[in-house]
Amino acid sequence: MKTMVLDIGGTALKSAVFNSETNVLEEIRECPSEGFLGGAHIVELVIKTIRDYAQTVDFGTIGISTAGQVDPEDGRIIYANQNVPGYTGIGLGAIVQQEFHAPTYVENDVNAAAIGEAYFGAGQNEKNFVCLAYGTGVGGALYLNGNLYHGSSCSAGEFGAVITHPEDRHPEEDLFSGCYEKYASTTALVKKAMEYDPALTNGRLIFTRLDDPKIQEILDGWILEIVYGLVTITHTLNPSCIILGGGILEQPYVLEQIKKKFYEHIMPSFRHVEIRRAELGNKAGLYGAAMLANDRFS
């Protein structure tokens, strides 16, 4: 059986067909999602994308990984931030299922990525791990006792909202003020670098300037911010490993320094915890969406 899979982000929409006989993603495509145009636009784009595949591919189920908090029981978007305005409350699963008459499963993108890593990547053979993705913000997922943990209202894993700098906390102005993602996201790194040199508008440019002592100082400070959050998560959840994703983690220096500083900050009884880079890259959500749909509808 083949499964139509999509991974919806604020910037891009990735799609493919998953062949369950070979465990291979086929017909992989990507297009701009333009999430800033809103939730209704995302729904239209999803339907158009699936229609395009349906012209040449026969699929039995649909799996969707998406930004935002999701109720997987009905595929409804519980909450989405300003990156996709008007997305909150949309019953994406019901809309897609009605349109294509195919069983449809919708899951949060980092949760889906964690499932992908559990089946095919860095989480194989692990029953207790945490997955974090560093990008525009910081997303998280918990895989506990061999299962994805959703929490009481399907919103577990919001590690980006952990308060790490209470001195900067002003929730009446910004609910995420003083929180982890304001300091540990790739956005935070770029913002800090641009304060020094406005030309440093992305992570790749920053890493071309490692010979600059000030850039090295900014980068090392940002890595320490990542470590502070990981130490809190480790001491709270006691996972066997922590899987880190996001394009910035492809830089060997980042992972090396995270590991070095992480073990300096945790209790000796927690030093069995492994820090691993995600192995599936930007395909993790597609793999996870496929496996979640297959498990639900098989």
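These numbers were taken from a predicted model, which means no experiment stands behind them.

A. Spatial organisation of the environment of Asn 282. Looking at where Asn 282 falls in the secondary structure, it is placed in the loop between strand E12 (274–277) and helix H9 (284–297). Note: C-alpha distance between Asn 282 and Asn 147 (135 residues apart in sequence) is 22 Å. Here Asn 282 is in contact with Asp 7, Lys 14 and Glu 30, once residues within four sequence places are set aside.

B. Highlighting the packing of helix H3 (residues 109–120) against H9. Look at H3 against H9: their axes get within 6 Å of each other, and the N-to-C directions meet at 85 degrees. As judged from the angle between their axes, H3 and H9 are roughly perpendicular. For the pair H3 and H9, the contacting residues are Ala 112, Ala 113, Ile 115, Gly 116, Glu 117, Tyr 119 and Phe 120 in the first and Ala 284, Gly 285, Tyr 287, Gly 288, Ala 289, Met 291, Leu 292 and Asp 295 in the second. By residue class, the composition of the contact of H3 with H9 is 10 nonpolar, three polar and two charged.

C. View of the pattern of salt bridges. According to the stated counting rule, one finds 15 salt bridges in the structure shown. The closest approach of N and O atoms between Glu 99 and Arg 51, which form a salt bridge, is 2.6 Å. You can see Glu 99 sitting in helix H2 (residues 92–100) and its partner Arg 51 sitting in helix H1 (residues 39–54), a full 48 residues away along the chain. On the basis of relative accessibility, which here comes to 44%, the residue Arg 51 falls in the partly exposed class. With its nearest N and O atoms 2.8 Å apart, the salt bridge here joins Asp 174 to Lys 182. Since its relative accessible area comes to 27%, Asp 174 is described here as partly exposed. On the accessibility criterion, Lys 182 (40% relative accessible area) is partly exposed. One salt-bridge network, in which partners are shared between bridges, spans Asp 71, Asp 74 and Arg 76.

D. Expanded view of the pairing of strand E2 (residues 12–19). The element E2 is extensively covered by neighbouring structure, given that eight of its eight residues are classed as buried. The alternating pattern of E2 places Ala 12, Lys 14, Ala 16 and Phe 18 on one face and Leu 13, Ser 15, Val 17 and Asn 19 on the opposite face, and all of these are buried. As defined by bridge partners, strand E1 (residues 2–8) adjoins E2 across seven bridges and the pair is classed as antiparallel. Considered in E2, the bridge of Leu 6 is made with Ser 15.

E. View of the sheet that holds strand E4 (residues 61–66). The five strands lie next to each other as E3-E2-E1-E4-E7, forming an open sheet whose pairing is mixed. Across the chains shown, the open sheet's two edge strands, defined by having one partner strand only, are strand E3 (24–32) and strand E7 (104–108). On average, each strand axis in the sheet is tilted by 15 degrees relative to the strand beside it, whichever way the strands run. Bridge analysis of E4 against E7 gives five bridges, and the strand direction is parallel. When the bridges of E7 are listed, Thr 66 appears paired with Asn 108. Across the face of the sheet, H3 comes into contact with E1, E2, E4 and E7 while running at roughly 100 degrees to E7.

F. Structural view of the pairing of strand E11 (residues 241–245). The element E11 is largely enclosed, with a buried count of five among its five residues. By the bridge criterion, five bridges tie strand E8 (residues 129–134) to E11 in an arrangement that is parallel. Across the sheet, the residue bridging to Phe 129 is Cys 241, located in E11. Note that E11 and E12 share four bridges and pair parallel. Across the sheet, residue Ile 242 finds its bridge partner in E12, namely Ile 275. Between the parallel pair E11 and E12, the chain is carried across by helix H8 (residues 252–265), and the sense of this crossover is right-handed.

G. Region of interest: H2. Among the residues making up H2, those that are buried are Leu 92, Gly 93, Val 96 and Phe 100. Summarising the axial view, the buried residues of H2 lie within an arc of 95 degrees, below the 170-degree limit, and thus occupy one face. Close packing links the buried residues of H2 with E1, H1, E4 and E7. Directly beyond the C-terminal end of H2, a positive phi value near 55 degrees is found at His 101.

Here is what the cut-offs are and how they apply
Residues numbered from 1 in each chain as written. Predicted model: local features only at pLDDT ≥ 70, side-chain atom pairs only at ≥ 80, totals over all residues. Heavy atoms only, no water. Helix = DSSP H or I, 4+ residues; strand = E, 2+ residues; numbered from the N terminus. Contact = heavy atoms within 4.5 Å. Axes fitted to C-alpha atoms, helices over the stretch in contact; angles between N-to-C directions. Parallel < 35°, antiparallel > 145°, perpendicular 65-115°, else oblique. Nonpolar A, V, L, I, M, F, W, Y, C, P; charged D, E, K, R; others polar. Salt bridge = Lys/Arg side-chain N within 4 Å of Asp/Glu carboxyl O. Buried < 20%, exposed > 50% of the residue type's maximum accessible area, 1.4 Å probe, protein only. Pairing = 2+ DSSP bridges. Right-handed = clockwise from strand over helix to strand, strands pointing away. Arc of directions from axis to C-beta.

In short, geometric facts, not functional conclusions.
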